[in-house]
Amino acid sequence: MILALETSCDDTCAAVLGAEDEICSNVISSQGIHARYGGVVPEIASRHHLELIGAVVEDALSTAQASLSELDLIAVTRGPGLVAALLVGFATAKALAGAHRLPLAPVDHLHGHVAASLLGPRPLQPPFLSLVASGGHTLLARVTDPGAELEILGQTLDDAAGEAFDKGARLLGLDYPGGAALERLAREGDPQAFKFPTGEQLAGLNFSFSGLKTALLYRVRELGEAQAELHRADLAASYQRAIVESLAIRVQRALSGTGLQRLAAGGGVAANGALRDRLATLDAELHVPPPELCTDNAAMIASAARFVHVLPYPDYLELDVYATGERAPEPR
Ligand code: KG4
Ligand code: ZN
């Protein structure tokens, strides 16, 4: 039985994965506080993690009807993410594991998003292409061995897809994080009403979203306040379509280029219905986890923990978190 913790951004998460790889609990406490700042404030996120983590872990254990003494392993996100936020989950995991002499599995957050597709009654069988589109990352990876380093085929050159959703949402007067709200607004609009760039002319498998956000800004200015307000849903639908197309174009290129026949999507943006529908039209068997496994959660961290190098007690006590893709050196 695995207890996993995830605190890389603004969600305080704990989950228990059972002996048969079933999700016994998956607790996610979202910190709504950041909406008023229009983005996640690292120090505030960290303080909230500290206040919430104990209760979230207890909730995960009691929902799973499990006790600490029944655990075989503790898993935790080590990076990338906000250092102050990561530290709370990491220190808690080390303390729990250390106190019970349990092994610890340090997990890469992106590996977690990919591993969300390896859960459930019908986990996806490698090899497959994985699209991870979240608030902090957007990448395409080939997964042949779920325990190996991700083989990155393409990634964003500037903003992440979720960031594009959030910035667009903000321009349309929606609260942070605006992805889900923009999707709701887009349902009432016409995706063909406005033309926004999909970066189709950018060859290869890398993504770029910063021009799209600027295009929306200019379009809103051109329309003027009253017209922009009148066409809000059309703007949302057209903007969402451009993000979805931008993702789908690269995914299809990667499928054609690699010959892979299975496709997994993960990360918060994969919760988007329009993206799911579009990916389903591509030349691959599509696997998208349910929305609560797409956005940040600890069940995906537990899933990845099954494939990573596990450190026995006390080898992990000196281990540190990492903020970016550059991993900190292993302790000697
Ligand atoms: O994976 P995630 O929970 O956290 C990160 O690792 O970043 O992703 C959060 C991102 C946010 O940018 C949020 O706006 C976006 O995912 N998101 C969505 C939807 N739900 C969440 N974007 C579009 N449509 C959605 N339904
Ligand atoms: Zn994430």
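Procedures and definitions
- Residues numbered from 1 in each chain as written.
- Chains lettered and ligands numbered in written order.
- Predicted model: local features only at pLDDT ≥ 70, side-chain atom pairs only at ≥ 80, totals over all residues.
- Heavy atoms only, no water.
- Near = heavy atom within 4 Å.
- Polar contact = N/O pair within 3.5 Å; in protein donor to acceptor, adjacent residues only side chain to side chain.
- Areas by Shrake-Rupley, 256 points an atom, 1.4 Å probe, with all protein chains shown as cover.
- Helix = DSSP H or I, 4+ residues; strand = E, 2+ residues; numbered from the N terminus.
- Nonpolar A, V, L, I, M, F, W, Y, C, P; charged D, E, K, R; others polar.
- Donors = N, O, S within 2.8 Å, 3.2 Å for Na, K, Ca; no water.
- Tetrahedral: all angles 85-135°; square planar, octahedral: opposite > 155°, others 65-115°.
- Buried < 20%, exposed > 50% of the residue type's maximum accessible area, 1.4 Å probe, protein only.
- Axes fitted to C-alpha atoms, helices over the stretch in contact; angles between N-to-C directions.
- Parallel < 35°, antiparallel > 145°, perpendicular 65-115°, else oblique.
- Left-handed = near helix turned anticlockwise from the far one by under 90°.
- Contact = heavy atoms within 4.5 Å.
- Core = buried A, V, L, I, M, F, W, Y, C linked by side-chain atoms within 4.5 Å.
- Pairing = 2+ DSSP bridges.
- Salt bridge = Lys/Arg side-chain N within 4 Å of Asp/Glu carboxyl O.

The next thing to look at is the site of ligand 1. Lining the immediate environment of ligand 1, one finds 20 residues, of which Gly135, Asp166, Glu183, Gly268 and Asp296 sit closest. Between ligand 1 and the protein, one listed contact pairs an oxygen atom with a backbone N or O atom of Gly135 at 2.8 Å. Burial of ligand 1 by the surrounding chains reaches 87%, relative to a free accessible area of 550 Å². Counting only elements with at least two residues in the shell around ligand 1, the list comes to helix H3 (109-115), helix H4 (161-171) and helix H5 (179-186). For the shell around ligand 1, the per-class residue count stands at 6 nonpolar, 11 polar and 3 charged.

The next subject is the coordination of the zinc ion (ligand 2). Taken together, the protein donors to the zinc ion (ligand 2) comprise His109 (NE2), His113 (NE2) and Asp296 (OD), at separations of 2.0 to 2.1 Å. Geometry at the zinc ion (ligand 2) is irregular, judged from the 4 donor atoms that bind it and their angles of 94 to 146° at the metal. In terms of primary sequence, the donors binding the zinc ion (ligand 2) are separated according to H-x3-H-x182-D. One end of the pair, His113, is in helix H3; the other, Asp296, is in the loop between helix H9 (291-294) and helix H10 (299-305), with 183 residues separating them in the sequence. One exposure class covers both His113 and Asp296, and it is buried.

Let's shift gears to the packing of helix H1 (residues 42-63) against helix H2 (residues 83-99). Two measures define how a pair of helices packs: the angle their axes make with one another and the distance between the axes. Running from N to C, H1 and H2 point in directions that differ by 30°, and their axes come no closer than 7 Å. In this view, H1 runs roughly parallel relative to H2, as classed from their interaxial angle. Crossing geometry of H1 relative to H2 is assigned as right-handed. Contacts between H1 and H2 pair Pro42, Glu43, Ser46, His49, Leu50, Ile53 and Val57 from the former with Ala84, Ala85, Val88, Thr92 and Leu96 from the latter. Taken together, the residues of the contact of H1 with H2 break down into 8 nonpolar, 3 polar and 1 charged.

This part takes up the side chain of Arg250. Secondary-structure assignment places Arg250 in helix H7 (residues 232-258). One polar contact links the side chain of Arg250 to the main-chain carbonyl oxygen of Asn206, over a distance of 3.0 Å.

Ranked by internal contacts, the top residues of the largest apolar core, which has 44 residues, are Ile243, Leu247 and Val251. Looking at this core, the elements with two or more residues in it are strand E6 (128-133), H4, H5, helix H6 (210-230), H7, strand E9 (262-266) and helix H8 (273-279). If one sorts the elements of this core by residue count, H7 sits on top with 12 residues. Leaving out residues up to four positions away in the same chain, Val251 has contacts with Leu129, Leu131, Leu140, Leu263, Leu279 and Leu282.

Positionally, Val132 belongs in strand E6. Put simply, Val132 and Val114 are 18 residues apart on the chain and 6.9 Å apart in space, counted from C-alpha to C-alpha. Sequence-distant contacts of Val132, that is, excluding residues within four places in its chain, are made with Leu110, His113, Val114, His137, Thr138, Leu139 and Gly266.

Next up on the list: the pairing of strand E7 (residues 138-143). Buried residues dominate E7, accounting for 5 of its 6 residues. Bridging between E6 and E7 involves 6 bridges; their strand directions are antiparallel. Looking at the pairing, Val132 lines up with Leu139 of E7. Here E6 folds back onto E7 in antiparallel fashion, the turn holding 4 residues. Relative to strand E8 (residues 151-155), E7 runs antiparallel, the two sharing 4 bridges. Paired with Leu139 across the strands is Gln155, a residue of E8.

All told, the structure shown has 8 salt bridges when counted by the stated rule. For Glu151, the salt bridge goes to Arg142, with nearest N and O atoms at 3.1 Å. Between Asp159 and Lys167 there is a salt bridge whose closest N-O contact spans 3.3 Å. Exposure remark for Lys167: the relative accessible area of 29% places this residue in the partly exposed category. Among the charged side chains, a network of salt bridges with common partners joins Asp159, Glu163, Lys167 and Lys213.

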